[in-house]
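# Topology and contacts: notes
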Amino acid sequence: MASAILTAAAPRQRSAVPGFGITFGLTVLWVSLIVLIPLAALFLKTAELTPDRILAILTAPRTLHALKISFGLSLAAAATNLVFGAVIVWALVRYEFPGRRVLDALVDIPFALPTAVAGIALTDLYAANGWIGRLLAPLGITVAFTPLGIFIAMVFIGLPFVVRTVQPVLEDLDADLEEAAATLGAGRWTTIRRVVLPAVLPAFLTGFALAFARGVGEYGSVIFIAGNLPNVSEIAPLLIVIRLEEFRYADATTIACAMLVASFALLFVINALQRWSQNRTGRL
Amino acid sequence: MSMSVPAEVAAMPAGIETPALPEDIRSEPRAVRWVVIGLATLFLGLFIMLPLVNVFTQAFSKGWAAYGAALVDADALAAIELTLIVAAISVGANTVMGLVMAWTLTKFEFRGKSLLITLVDLPFSVSPVIAGLVFVLLFGAQGTFGPWLIDHGWKIVFAWPGIALATIFVTFPFVARELIPLMQEQGTQEEEAAVTLGASGLRTFLRVTLPNVKWALLYGVLLCNARSMGEFGAVSVVSGHVRGETNTMPLHIEILYNEYQFQASFAVASLLALLAVVTLLAKTALEARIGRRHGH
């Protein structure tokens, strides 16, 4: 891939701005060294294995369980964030109320808070003697050290992706359309469903996909609260770490490759969604 | 805007009963408004605010003396030092190269450009654990270049260079992706004018381009720094967890927590939480200057 870029190392049209040669060379070198070669090494290492071996690793019950936990719970968390993200984004964009700016700032906390810090804080909150765990225990609900804990952590880290993707689109939505619909006699609910929703749908789907992708690969905020029981509450990234510590490199790289392929596929979908969104709303 | 009013709405018989238009027809009934605001506040309070508050409450649960003791502990200080060094390397490298990459990707047109932009963004979609794994595969004792490097006295994995590399990888896109949209929008006219008037390339960059992007650059640097100091998964894989030597702050937090030294663990965590809060405050202030909203 790098050589394909290198052969094209001439600007399409001559630019009056100098420095193309050196900055282009440095860019390709830097991207190759840090991103391309390391990721290629992962695929090459996996390609050394026979297809049977790859299949055996991926279909081992423990691997399947870990992948199911990571993908399944991440999907559930992203769906939850879609619903609550919609409520939050609507409140932030459409209503004026005391404390709105504080709430708006809070949305970014999961982006900024290091995952290990979020991990221990969530575990402490939901443990049997924690602030929230104490209230849930009498109801027979255990969150910490169960798959439910993994779900909670994934909801935490995924929320900003939905809110911050939809927020600018809803802010820019033309008021005329809703007013026109209302003037023509549409009820408020019909207007939201038939006028607002189609306009913000691509942004919602993009946010959903971003939150989903983040949850699948998430490690730090999840492993403290997860319990990490094989076949029950073990996420795929943790299984990679465990295989690596056991020096089972083939297992580690194969699971990693499977996850990478899935995230690249997701990235492709996200890009397509963003193009769709751009075409519909005409904004970047 | 290519949207039209849906047929169902347009076909509604107007005038059969002309409802009086409410004052703001783009809003919902009062009760609905308060339910939405209440739910949003509850969700953000419970899921986002509470964990943050919990960090500080636990950190000070045994008073100021215990808090201070956890921070001046020799292993904690070593972890803070390593975190600062790694962040300096990662932020430095990603800032310089972020500027170089943004310059290439916005001031020139060439084949393969969109592929290159995709590659710059790629680390965002890679699990942190995989980011660590790839460097173990390359530089670990059983890795591609590992044995040769070890023979020559170079230790990368389970040492600070590996931690720095993994951190550079996970923070790779931060600076570049803040700069690229802005520099794209600004185009090349000002640079072309400067060059035409006889300025050198470097002088053009320093006097024309850099002042134009300084706030976006600062914004990217802040985000890159916060993530560099807080990175856990990637660093955890390459670090080897040698106390006092290859532990960064997040790894030190993990060790303390697993040893049931909860208060000490939260004390170190409170420093990173404080960094997160300061970063967000600075981000809010900068957004007003840049005049646009950001995703991540």
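Conventions adopted
- Residues numbered from 1 in each chain as written.
- Chains lettered and ligands numbered in written order.
- Predicted model: local features only at pLDDT ≥ 70, side-chain atom pairs only at ≥ 80, totals over all residues.
- Heavy atoms only, no water.
- Helix = DSSP H or I, 4+ residues; strand = E, 2+ residues; numbered from the N terminus.
- Buried < 20%, exposed > 50% of the residue type's maximum accessible area, 1.4 Å probe, protein only.
- Contact = heavy atoms within 4.5 Å.
- Lys, Arg positive; Asp, Glu negative; His and termini not counted.
- Charge placed at Lys NZ, Arg CZ, Asp CG, Glu CD.
- Phe/Tyr/Trp six-rings, centres within 6.5 Å; stacked < 30°, edge-to-face > 60°.
- Lys NZ or Arg CZ within 6 Å of the ring centre and 35° of its normal.
- Axes fitted to C-alpha atoms, helices over the stretch in contact; angles between N-to-C directions.
- Parallel < 35°, antiparallel > 145°, perpendicular 65-115°, else oblique.
- Left-handed = near helix turned anticlockwise from the far one by under 90°.
- Nonpolar A, V, L, I, M, F, W, Y, C, P; charged D, E, K, R; others polar.
- Salt bridge = Lys/Arg side-chain N within 4 Å of Asp/Glu carboxyl O.
- Buried area = accessible area lost by both parts, 1.4 Å probe.
- 1 Å grid on protein atoms, 1.4 Å probe; cavity = no way out; pocket = protein on both sides within 12 Å on 5 of 7 lines; lining within 4 Å.
- Points joined across faces, edges and corners; volume = space filled by probe spheres on them.
- UniProt positions renumbered as here; feature names shortened; annotations may be inferred.
- pLDDT = per-residue confidence, 0-100.

Attention shifts here to the overall build of chain A. What chain A contains, in helices and strands, is 14 helices and zero strands. Put simply, chain A runs from its N terminus to its C terminus through helices and strands in the order α-α-α-α-α-α-α-α-α-α-α-α-α-α. Taken over 284 residues, chain A has a buried fraction of 55%. Counting contacts in chain A only where the partners sit at least 6 residues apart, residues at least 24 apart contribute 73% of the total. The average position of the 20 basic charges and that of the 17 acidic charges among the side chains of chain A differ by 4 Å.

A separate point is the packing of aromatic side chains. Tallied over the full model, the rule gives 24 aromatic pairs over all chains. Here Phe247 of chain A and Tyr249 of chain A contribute two aromatic rings whose centre-to-centre distance is 6.4 Å and whose plane-to-plane angle is 40°, an arrangement assigned as tilted. By relative accessible area, Phe247 of chain A is classed as exposed at 57%. Note on Tyr249 of chain A: relative accessible area 18%, which makes it buried. Aromatic side chains Trp64 of chain B and Tyr67 of chain B sit 6.1 Å apart centroid to centroid with 80° between the ring planes, which places their arrangement in the edge-to-face category. Of this pair, Trp64 of chain B and Tyr67 of chain B both sit in helix 3 (residues 63–72), three residues apart, which is roughly one turn of that helix. In this structure an aromatic cluster arises from ring pairing among Tyr219 and Phe224 of chain A together with Phe232, Tyr257, Tyr260, Phe262 and Phe266 of chain B. The positively charged end of Arg94 of chain A is found above the aromatic ring belonging to Trp90 of chain A, 4.7 Å away from the centroid.

Another aspect to go through is the packing of helix 7 (residues 115–126) of chain A against helix 14 (residues 262–290) of chain B. If you want to describe how two helices pack, look at the angle between their axes and the distance between the axes. It is at 10 Å that the axes of helix 7 of chain A and helix 14 of chain B come closest, and there the two elements cross at 125°. Compared by their axis directions, helix 7 of chain A and helix 14 of chain B come out oblique. Crossing hand, helix 7 of chain A versus helix 14 of chain B: left-handed. Across the interface between the two elements, Val117, Ile120, Ala121 and Asp124 of chain A of helix 7 of chain A pack against Ser265, Phe266, Ala269, Leu272 and Ala273 of chain B of helix 14 of chain B. Partitioned by chemical class, the residues of the contact of helix 7 of chain A with helix 14 of chain B number seven nonpolar, one polar and one charged.

Residues and elements named next belong to chain A. Counted by the stated rule, this structure contains 19 salt bridges over all chains. The shortest N-O distance in the salt bridge between Arg188 and Glu178 comes to 3.0 Å. A residue pair is termed long-range when its members are at least 10 positions apart, and Arg188 in helix 11 (residues 188–217) and Glu178 in helix 10 (residues 175–183) qualify at 10 residues. Residue Arg188 is classed as buried on the basis of its relative accessible area, which comes to 17%.

Attention now moves to the interface of chain B and chain A. Listed as interface residues are 96 residues of chain B and, on the opposing side, 110 residues of chain A. Roughly 9,800 Å² is buried in total at the junction of chain B and chain A, and carbon and sulfur atoms are behind 78% of that figure. Inspection of the chain B/chain A interface yields two salt bridges. Put simply, Glu28 of chain B and Arg188 of chain A hold a salt bridge, and the shortest N to O gap is 2.8 Å.

Our focus in this paragraph is the layout of surface pockets. In this structure, the second largest pocket occupies an estimated 810 Å³ of space. Lining the second largest pocket we find 41 residues, and of these Tyr219 and Glu245 of chain A together with Ser236, His241 and Glu254 of chain B sit closest to its centre. Listing elements by their share of the lining of the second largest pocket, those giving two or more residues are helix 7, helix 12 (220–226) and helix 13 (236–245) of chain A together with helix 2 (30–59), helix 6 (128–139), helix 12 (233–239) and helix 13 (249–258) of chain B. With five residues, helix 13 of chain A is the single largest residue contributor to the lining of the second largest pocket. Residues belonging to the lining of the second largest pocket are distributed by class as follows: 24 nonpolar, 12 polar and five charged.

A word on the UniProt feature "domain: ABC transmembrane type-1" (unreviewed entry) in chain A. According to UniProt, the positions carrying the feature "domain: ABC transmembrane type-1" (unreviewed entry) are residues 67–270 of chain A. In residues 67–270 of chain A, the share of helix is 77% and the share of strand is 0%. The end C-alpha atoms are 21 Å apart.

Let us now look at the UniProt feature "transmembrane region" (unreviewed entry) in chain A. Residues and elements named next belong to chain A. Following the UniProt record, one finds the feature "transmembrane region" (unreviewed entry) at residues 20–44, 71–93, 105–127, 139–163, 195–213 and 254–274. Span residues 105–127 is 78% helix and 0% strand, its end C-alpha atoms 27 Å apart. Secondary structure content for residues 139–163 is 68% helix and 0% strand, while the C-alpha to C-alpha distance between its ends is 31 Å.

Next up on the list: the confidence of the model for chain B. All names here are of chain B. Averaged over all residues, the pLDDT of chain B equals 88, while 90% of them reach at least 70. Segment residues 1–5: pLDDT under 50, and 10 contacts once partners within four positions in sequence are set aside and those in other chains are kept. Contacts for the low-pLDDT stretch residues 7–12, under 50 throughout, to residues beyond four places or in other chains number 12 contacts. Interface scoring of the predicted complex returns ipTM 0.88; its pTM is 0.88.

So, about the side chain of Asn81 of chain A. Mapping Asn81 of chain A onto the fold places it in helix 4 (residues 61–94). Taking relative accessible area as the criterion, Asn81 of chain A reaches 0% and is therefore assigned buried. Excluding its chain neighbours within four sequence positions, the residues that come into contact with Asn81 of chain A are Ala86, Met154, Val155, Gly158, Leu159 and Val162 of chain A together with Phe43 of chain B.

Bringing the environment of Phe139 of chain B into the picture now. Residue and element names in this part refer to chain B. Mapped onto the secondary structure, Phe139 falls in helix 6. Residues Phe139 and Lys283, 144 residues apart in the sequence, show an inter-C-alpha distance of 36 Å. Not counting chain neighbours up to four residues away, the residues in contact with Phe139 comprise Phe145, Gly146, Leu149, Ile156, Val157 and Leu165.

Two elements in contact, helix 4 of chain A and helix 2 of chain B, have axes separated by 8 Å at closest approach and are oriented at 120°. In terms of orientation, helix 4 of chain A and helix 2 of chain B fall into the oblique class. In the packing of helix 4 of chain A onto helix 2 of chain B, the handedness of the crossing is left-handed. Between helix 4 of chain A, through Asn81, Phe84, Val87, Ile88, Trp90 and Ala91 of chain A, and helix 2 of chain B, the contact on the second element is made entirely by Val36, Ile37, Leu39, Ala40, Phe43 and Leu44 of chain B. In terms of residue class, the contact of helix 4 of chain A with helix 2 of chain B is made up of 11 nonpolar, one polar and no charged.

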